[in-house]
Amino acid sequence: MITHALDAIRNFMHKDGAVLLPQLELLLFALGILAMDFWITQRERFWSPALALAGIFFSGLTLWMLRTRILQSSDLIGIHETMIADSYFVFFSALFLVATALVILLSLNSPAASAVKQGRHYALLLFACMSMMLMISSVDLLVIFLTLEAAAMASYFLAATPGFSAKPDPGAAKYFLKSALGSAILVYGLSLAYGLTASTNIGKVATGLARRHNLANAIAFSRHQDAQGAQLQQLLQTHLPEALHWHPWMLQALPMAAFTLVLVGLLIKLKTLSAHHWSRITNSTAPPTVTLYLGGALVIATIALFLRMSLTVFADSQTTWWYVIAAFSAVIIVMGTIKSLVSSNLERLVTYSIQVHVGYLFLGLVAADEAALTAMTYYLFAYLFMQIG
């Protein structure tokens, strides 16, 4: 019986488990830190950051082995086609691991982080890193939302530290409520995408939206007074006669609404993460290392998730939604710049800087080609170490 169990575990690790192995290692180390924190003495507190760094190391080693496997064969898809391990996942997961390791090292001498149970603090950092890695590897709308909320909950408890006492932390409460508003708008956009395609897999959703986009273009061309328009009109009359009475814009309205709701929901979450830098303004007692983590790694994870969705789910309608991206980017850059010019508070300036960075980054989606994606990933790489390092 033991042999069968070992064989089952081995088969799982070679198939679906390979996609989740780096995240599972972080989860096991986080649970180990929480369990160990109950019986170690004050003099043995160094074990908590040591185990957290060990979890980062083993997860990074597994990620490197996974990268080699991807380069030799192809992308790995598992857990009923809801998770993927590709080069995009490997790149951003490596960034999250490095950012988490830096924050752990910075927390060693942080008085605010030492005021709480250190085991809980380091375990939450590992939980947050695991959730961000799951976000980037998710290729299912439901799993994307769940992993995004898992990362939000981990960041909420990180923002609440050391507010586990009877006195609530006003900054953490505001952070939670604003994040919940973003989640409500986001889930409505995801439900619209599901309702239009009857699937939660982003590949199938992209295919369904592409068919809708192509049909709208065919209807628009069929109304041209030329030979090609007459040919398309005859083709639609034969195979889909009711489409001749549809307006092309009506076919694009709901996908555009889904895209806009997803964008607005994620922007609210991004603004919430950047606004938590106002620790004195919101009366938050979170350690400075946590505010750096929220404004660095979690911002990058949210943007990376939006990039994957924009360039897969809504890729075929890019000629339509780039106007929305350009408008939002211009508003974010102008508003952030104007507010920073009239502000004298350093923490507000950091917040406005993050918002302007997001605006400049989203401008790359206007082009949405391979060169733009490369530039955006390099921008995120530099932004992370500028923010945390």
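Now for a quick tour of the structure. Note that the structure is predicted; figures quoted are calculated from it, not measured.

So, about the packing of aromatic side chains. What the rule picks out here adds up to 12 aromatic pairs. Aromatic pair Phe-259 and Trp-321: ring centres 4.8 Å apart, planes at 20°, arrangement stacked. Of the two residues, Phe-259 is situated in helix H11 (residues 248-275) and Trp-321 in helix H13 (residues 318-341); the sequence distance between them amounts to 62 residues. In this structure Trp-321 comes out as buried when scored by relative accessible area, which is 0%. Following the ring pairs from residue to residue traces out a cluster consisting of Phe-259, Phe-306, Phe-314, Trp-321 and Phe-362. Directly above the ring of Trp-64 sits Arg-67, whose terminal nitrogen or CZ lies 4.6 Å from the centroid.

Within the secondary structure layout, Gln-318 lies in helix H13. Note on Gln-318: relative accessible area 14%, which makes it buried. Contacts of Gln-318, omitting those with residues within four sequence positions, involve Leu-365, Val-366, Ala-367 and Ala-368.

In this model, helix H6 (residues 118-137) (20 residues) spans 29 Å end to end at C-alpha, consistent with the 28 Å of a helix rising 1.5 Å per residue. Across the 20 residues that make up H6, a large majority, 19, are buried.

A separate point is the side chain of Thr-302. Here Thr-302 lies in helix H12 (residues 288-310). Under the relative-accessibility criterion, Thr-302 is labelled buried at 5%. Those residues in contact with Thr-302 that lie beyond four places of it in its chain are Met-135, Leu-266, Leu-270 and Leu-273.

Applying the stated rule across the entire model yields two salt bridges. Residue Arg-308 pairs with Asp-86 through a salt bridge whose shortest N-O separation is 3.2 Å. Residue Arg-308 is found in helix H12, and its partner Asp-86 is found in the loop between strand S2 (83-85) and helix H4 (87-107); the two are separated by 222 residues along the sequence. Owing to a relative accessible area of 10%, Arg-308 belongs among the buried residues under this scheme.

Thresholds applied
- Residues numbered from 1 in each chain as written.
- Predicted model: local features only at pLDDT ≥ 70, side-chain atom pairs only at ≥ 80, totals over all residues.
- Heavy atoms only, no water.
- Phe/Tyr/Trp six-rings, centres within 6.5 Å; stacked < 30°, edge-to-face > 60°.
- Helix = DSSP H or I, 4+ residues; strand = E, 2+ residues; numbered from the N terminus.
- Buried < 20%, exposed > 50% of the residue type's maximum accessible area, 1.4 Å probe, protein only.
- Lys NZ or Arg CZ within 6 Å of the ring centre and 35° of its normal.
- Contact = heavy atoms within 4.5 Å.
- Expected span 1.5 Å × (residues − 1).
- Salt bridge = Lys/Arg side-chain N within 4 Å of Asp/Glu carboxyl O.

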